[in-house]
Structures are given as structure tokens and as C-alpha cells.
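Chain by chain, the residues run as shown.
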Amino acid sequence: MAAQKINEALEHIAKAEKYLKTGFLKWKPDYDSAATEYGKAAVAFKNAKQFDQAREACLREAEAHENNKAAYEQAGMMLKEMQRLPEAVQLIEKASMMYLENGTPDTAAIALERAGKLIENVSPEKAVQLYQQAASVFENEERLRQALEMLGKASRLLVRGRRLDEAALSLQKEKSIYKEIENYPTCYKKTIAQVLVHLHRNDYVAAERCVRESYSIPGFNGSEDCAALEQLLEGYDQQDQDQVSEVCNSPLFKYMDNDYAKLGLTLVVPGGGIKKKSPNAAQDKARGPAAVASHADEEEDEYSGGLC
């Protein structure tokens, strides 16, 4: 079966080359017919699992069609089958640029997303770049929900790679667009993610400013997200690891996207110390205000007669 497909492909290649030849009675090559034959050869080579030859046929088809965009993308997908992912991404990027030049930006953005998925496990840095490019194209076309999907992928990869300064900027971009489309509850979640990123950057001031600025988002002040963040910042500022851990282990934080949930679970207060509440304070809190007053009276009576 494979041998038959290979022979079929070679026949198409031969026909394509014949269409490209010129002679006494044929002054111009027949590029369209040649491209069609190269396309058929590529399919036959692919079915025979001869991916390198299929890629070459796709490239020849692209050249014959005067830089056919889809053919370059198909050549990239052949390289994917051969696990030559960086080369595959290069061809798909080239196709994407041609889609843009041809006035089909949506197709360009989809191609960039496809390239990002291909390279994500091999080169997360490149994937971030591709997702951000796709987001930019979608945003220019006012397809904001698709842009947000791409930005979200980029933000999570940046957090995963501990590129936290860039992650903070990416999350701010997401949050701004969510605010623009009036998806306020998601803005609250992005604020939590921002705060966690800033605290992992050891930038308490930026984390606090992030919460303060979010008070302008309708419904944030008074939400459970706001209350939890205020409690988190208080615990972090007072180096109270117990309070910080309690907030970060709450369902509100634990059920976020996995990359952000991990930031919460690994957050350590400055110095890494644990500030424990005194036993008396814990007992008084359990017994109520009267117990606090009573405890204070006992301490005063103990020293009422002086030190001697």
C-alpha cells in the first residue's frame, strides 16, 4: 500500500515538473496545474507516511502558487509529524504573516495559536510569544473573547516558567479587557492572581496597590474576593504564616487555575517565619470579650502590690 502511494506521488511530481517546463511552443510555465499536481503528491506522500517528501511537495506547491499560504501551513504540519517542531512553527508563522498580508487576520491568529500549541511543551518561551501575537491580532479585530483566551494561555505559561514580572503585566492586560467587556467577577479572580504574583515577586507595595485600584471595579469592594485579599495582605504584612496559609488554602484560592493555586500554596511570608498567636489570646478569642477583660484584670492584680 505504501509503495503504491509513493509511486502515485512520484507520478504527480513528474507531471508537475512537466507543467513547469517551457519549450518552442510553450513560452510560460503552467504554475496552477503544477501546484495542483504537487498538492496531490503531498497527499500521497502523507498517506505513505513519507512526511519529509510530503513537506517538500507542499513547499513546491506554495512556490508554484506564488507563496500559497495554506501550503506553507500544511508543510509545517508535515514537519510536526516528523517531530521537527521548531521548523514546523517557522513555516506556520510564515503562513500566518501571509494570511495577514492577504487580509484574513482571523485565519492568521488561528494559525499562530496552532503553532503555540505545537511548541508549548518544547519551548514555552516561544509559545508565549505566539499566543501574545495571536491575542494582538484578535484584539485588533475586536474579537476580545478570543484575545482573552490567548492572553490567559500566555499568562499561565509565564507563571509556570517563573517569569513573574512579565506575568504581572500579562494579567493586568487580561484584567483591563475583562473590565472593558464588563465581566467583573473574572476581574476579581485576576486581581487574586495578580496579588499572588506580586507577593511571589516580594513586592508587597504592588500587591496592595493592585487591590486598592480594584476598588473601582463595580462590586469588588464587599465581595468575598476582596475580603480574602485584605486578610491575605494583612497576614503577609504581619508575617503571620498561619493567616496567609489559611487564606491560600480556602476554596476561593484552591480552585483557581492550577498555576495560580500553586502560587497560593507555596506562598511564604518574609523571612519564612511563623507567627503564632499566644495561648492566652487563642483561649480569650474562644471565650469572648468578657474573658479578655478578665485576663487583663488578672495581670493587673498580679502586679498591684509592686515588684517586691
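For the structure itself, consult the block above.
Let us look at the structure shown here. (Residues numbered from 1 in each chain as written. Predicted model: local features only at pLDDT ≥ 70, side-chain atom pairs only at ≥ 80, totals over all residues. Heavy atoms only, no water.)

**A closer look at helix α7 (residues 124-140)**
In this model, α7 (17 residues) spans 24 Å end to end at C-alpha, consistent with the 24 Å of a helix rising 1.5 Å per residue. Where α7 is concerned, the buried positions are A127, V128, L130, Y131, A134, A135, V137 and F138. Packing partners of the buried residues in α7 comprise α5 (85-101), α6 (105-119) and α8 (144-160). Trailing α7 by a residue or two, E142 shows a phi angle of about 60°, which is positive. (Helix = DSSP H or I, 4+ residues; strand = E, 2+ residues; numbered from the N terminus. Expected span 1.5 Å × (residues − 1). Buried < 20%, exposed > 50% of the residue type's maximum accessible area, 1.4 Å probe, protein only. Contact = heavy atoms within 4.5 Å.)

**Comments concerning the nonpolar core**
Residues V195, L196, L232 and F253 are the most contacted members of the largest nonpolar core, which totals 65 residues. When residues in this core are grouped by element, the largest group, 9 residues, is from α8. Summarising the domain contributions, this core has at least three residues from each of domain 2 (83-142) and domain 3 (186-269). Among residues more than four places away in sequence, those in contact with V195 are A207, C210, V211, L229, L232 and L233. In terms of nonpolar packing, the next biggest core, distinct from the first, is built from 17 residues, A41, F45, A57 and C58 among them. (Core = buried A, V, L, I, M, F, W, Y, C linked by side-chain atoms within 4.5 Å. Domains from an automatic or database assignment.)

**Some remarks on the pattern of salt bridges**
Taken as a whole, this structure holds 15 salt bridges when the rule is applied. Note that K5 and E8 form a salt bridge whose closest N and O atoms lie 3.6 Å from each other. With K5 and E8 both in helix α1 (residues 2-20), this residue pair falls 3 residues apart, about one helical turn. By relative accessible area, which is 18% here, K5 ends up buried. (Salt bridge = Lys/Arg side-chain N within 4 Å of Asp/Glu carboxyl O.)

**Looking at the packing of aromatic side chains**
This structure, assessed with the given rule, holds 3 aromatic pairs. For the pair Y215 and F220, a centre-to-centre distance of 6.0 Å together with 50° between the ring planes defines the contact as tilted. (Phe/Tyr/Trp six-rings, centres within 6.5 Å; stacked < 30°, edge-to-face > 60°.)

**Structural notes on the side chain of S155**
Relative to the helices and strands, S155 is located in helix α8. Of the polar contacts made by the side chain of S155, one reaches the side chain of S170; its length is 2.6 Å. (Polar contact = N/O pair within 3.5 Å; in protein donor to acceptor, adjacent residues only side chain to side chain.)

**Some words on the side chain of Q194**
Turning to its location among the elements, Q194 is positioned in helix α10 (residues 184-200). By relative accessible area, which is 3% here, Q194 ends up buried. Of the polar contacts made by the side chain of Q194, one reaches the side chain of Q172; its length is 2.6 Å. Discounting residues that sit within four places of it in the chain, Q194 has contacts with A168, L171, Q172, K175 and C210.

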